[in-house]
Structure formats: structure tokens, C-alpha cells
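Here are the chains, one letter per residue:
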Amino acid sequence: MNPLVTGLLLAAMAPAPQPAAQPATPPSLCAIAAPCPRPLPVRMVVVTMFEIGKDEGDVAGEFQLWKTRRDLRQRIPFPHGYHDLYYNPDTQILGVVTGVGSVRSAAAITALGLDTRLDLSRAYWLVAGIAGIDPEDASIGSAAWARYSVDGDLAHEIDAREIPADWKSGYFPIDRKGPNDPAPARPNGGEVFALNPGLTEWAYRLTRDVPLPDDPGIARERARYTDHPNARKPPFVLIGDQFSAMTFWHGALLNRWANDHTRYFTQGKGNFVTSAMEETGTLQAIAYLSKIGRVDKDRVLVLRAGSNYTMPPPGVTAADYLLRENEGYAGLNASVESLYRVGNRVVEELLSHWDRYATTPPR
């Protein structure tokens, strides 16, 4: 198997490797799970989900560029989470790696939010990760700001080989009488999370002209999508919603299901653009923590960049394309670079004008 894919699988399935012995804990850091009279102030939390190998010096996953370019040099032991935290005491940026999947992300963010060593009460949160991207909307390397995250796991399922002929999918909402039931979505069922719309629009306006990386490899890949004009464009920044499911799905039929599911649970307001595995866990944890004042749920941004398409180009089967992608995502390098360029533009603006944004989120 391709070494890159091996690294991705290990990142998804294995516990995070702990760094080698470090210098003594800085005096300003309180003991774990103990009262802390002087918690570290945090202005920005960058949430990533995995790193391929080491945190520095090899092929970059989601975390590495943030750690090196933002000088997240202070290690904070985090044994009650997936991966140690890293912090810059000058800029007060905190870097987090949750682990892959909504279960790990929910557990890690809950543990982080309850950590007495950190003051997260005024922190902004940037979830920055790679994703599958719908070729109907954008190209690999493109970066999408989400207004909604919709859960694709909380549902009924019948194997596709057994579904009735008039069903579009074997998946349907947990309280509906099949996928054709016109009844509206149940309120507060846990399937949809709406982000602060003013903050999302602000982030998009700020970053829509950020130049994104392009290269011959991803240009060749997007040229294959002859039926999808947006998939053929060079990488760009857009607003597009996120579909969160623990299963790595692929293909035109499931792509239609993700679009339908997103429209259904957002009452037609959302548009599926990116697929990933963690947001509903992350956002549920933040919603609960916000109720006790540990964090502010209105300061959360979700940015996903396309590392691969969610359906194959014309003339290629879903199975063949998925198996080829397992040998290495065509847009991995471009997507992690896009995440940093776009996300860092927001980080710079927030921190450079903290006197303006500390008390009131931008709109």
C-alpha cells in the first residue's frame, strides 16, 4: 500500500504517538484536573483531526502546518484526549488534534472544554480539516466555509440491495416512514447544527479572494469531470455546508443522498459541499460546554478543503475510484495548504484586532 495511505489509516485507527521527553512543564501551567487560579488565556483554538506521521518534518496532515507556521511550541500534556495540545503563549493560539471520527472529536473537545488549565471563555474556534468535495459545487483544493453541519449517521438504514424500487436511498431519517415521507424534520433531534451565520459570512468575505494552491496533478484530476463545470475550476473559496458521517462513503447515489439529507434537515437552506467525519461530535460538545459558560458556541467556524471528490468522473465506477483514492488523495497537499492559507487569514484578522473582537464576534 502507498505509504501515505498507510499513514492515514494509522492516524485514523491508532492512538496518537506521544512525543519524546520534553523540558519540565512551564511554571504557568497548572496540574491536570486540579483547581487552577491562573489558567492559560486562549484567543484561538485551531481544531484538526489527524496528523499522518510526526507533527513536524514529514508529509503534512491537518495539524503540521499550523504547528510549524504559527509556532505552537509549548506542549501541554493532554492524556485525557487523543493528542497533546500545543500553544503559543505570545499569540494565545491553541492547536488541537481530536482523532478521526465524531466519537473521538466529541470526547476530545469535551475534555478540552472542561480542562481547568485553560481559559476558553472568549476563544474563537476554527475547525480546519480535509474533506470529500461534491463535484457539483467545487474542485479539489477548494475551501468551503460551512453554515450547517448535518449528521449522516443518526438514521434508519436498509441495505441498498433490499430497498423498494421507488426508494432513492436505503437511508432515511430515524422518525420517518421511508425516504419518501414528506413529513418535516423533527426539531432538536441532533441531526443538524447551525453555525453563527454572521461570523461565517464575515469569514467568507474576508477570504474569498485568498489565492489557493494549484498544480498539474490536481489540474489533471479535475479535467476528468467533464460533466461538472465547478469541479473543473482551479481551487477557490466558497460557502458550502458540511455532511458528517463516520462511514467513508463514495459514489453518485450516496452523493445524492447527502444532498437530499442536507436539504431535508436544514429545511432547504443548506447545500451539501463537503463530507467528513467529525463536525457533529465537535459541535455537540461545544453546544453543551457553551451552556455552562466554558466556551462560546457563537465563535465557531468550520472550514473544510477538498482532498478528493465524493463521486467519480464519467466512465469510472464508484468502487474503482474509491479504491484508487485509497492509494492517496489526489488533492491532499493542496487541501492542507488551502486550509492554512484561508484559515490563517481569519486568525490574523481576529488576533490583530483583538481589542475589537474580544467582546463581540465580527459580522
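Only a predicted model underlies this, so the values are computations on that prediction, with no experimental measurement involved. (Residues numbered from 1 in each chain as written. Predicted model: local features only at pLDDT ≥ 70, side-chain atom pairs only at ≥ 80, totals over all residues. Heavy atoms only, no water.)

## Overview of the packing of aromatic side chains
- Per the counting criterion, the structure on display carries 14 aromatic pairs.
- With 6.0 Å between their ring centres and 80° between their planes, Tyr124 and Trp354 make a pair best called edge-to-face. Taken as a pair, Tyr124 in strand β7 (residues 124-133) and Trp354 in helix α10 (residues 354-357) lie far apart in primary sequence, 230 residues in all.
- Through a chain of ring-to-ring contacts, the aromatic side chains of Tyr171, Phe243, Trp249, Trp257 and Phe272 assemble into a single cluster.
- When the ring centre of Tyr86 is taken as origin, the NZ or CZ atom of Lys67, which lies over that ring, is 4.6 Å away.
- Above the ring of Phe236, the side-chain terminus of Lys233 is found at 5.5 Å from the ring centroid. (Phe/Tyr/Trp six-rings, centres within 6.5 Å; stacked < 30°, edge-to-face > 60°. Helix = DSSP H or I, 4+ residues; strand = E, 2+ residues; numbered from the N terminus. Lys NZ or Arg CZ within 6 Å of the ring centre and 35° of its normal.)

## Regarding the confidence of the model for the chain
- Here the chain averages 92 in pLDDT, and 93% of its residues register 70 or above.
- Residue range residues 9-13 is modelled with pLDDT below 50. Its contacts to residues more than four positions away, or to other chains, number nine contacts. (pLDDT = per-residue confidence, 0-100. Contact = heavy atoms within 4.5 Å.)

## Quick notes on the pairing of strand β15 (residues 272-276)
- Within β15, five of the five residues are buried, leaving the element largely enclosed by the surrounding structure.
- In this structure, strand β14 (residues 241-244) lies alongside β15, joined through four bridges in parallel fashion. In the strand pairing of β15, Ser244 is matched with Ala276.
- The handedness of the β14 to β15 crossover, carried by helix α6 (residues 252-265), is right-handed. (Buried < 20%, exposed > 50% of the residue type's maximum accessible area, 1.4 Å probe, protein only. Pairing = 2+ DSSP bridges. Right-handed = clockwise from strand over helix to strand, strands pointing away.)

## Quick look at the pattern of salt bridges
- Counting across every chain of the model gives 25 salt bridges.
- We note a salt bridge from Arg75 to Asp84, for which the minimum N-O separation is 2.8 Å.
- For Arg75, a relative accessible area of 21% puts it in the partly exposed group.
- Judged by relative accessible area, Asp84 falls into the buried class, the value being 4%.
- The closest approach of N and O atoms between Glu325 and Arg324, which form a salt bridge, is 3.0 Å.
- Judged by its relative accessible area of 2%, Glu325 falls in the buried class. (Salt bridge = Lys/Arg side-chain N within 4 Å of Asp/Glu carboxyl O.)

## Focus on helix α4 (residues 197-207)
- Residues Gly198, Leu199, Thr200, Trp202, Ala203 and Thr207 constitute the buried set of α4.
- Close packing links the buried residues of α4 with β7, β8 (143-145), β13 (237-239), β16 (300-309), α9 (332-352) and α10.
- Backbone nitrogen of Gly198 and a side-chain oxygen of the N-cap are separated by 3.1 Å at the start of α4; the cap is Asn196. (Polar contact = N/O pair within 3.5 Å; in protein donor to acceptor, adjacent residues only side chain to side chain.)

## Quick word on the pairing of β14
- Because side chains alternate across β14, one face comprises the buried residues Asp241 and Phe243, and the other comprises Gln242 and Ser244, equally buried.
- The sheet contact formed by strand β9 (residues 148-151) and β14 spans three bridges and is parallel. From the neighbouring strand, Ser149 faces β14, where its bridge partner is Gln242.

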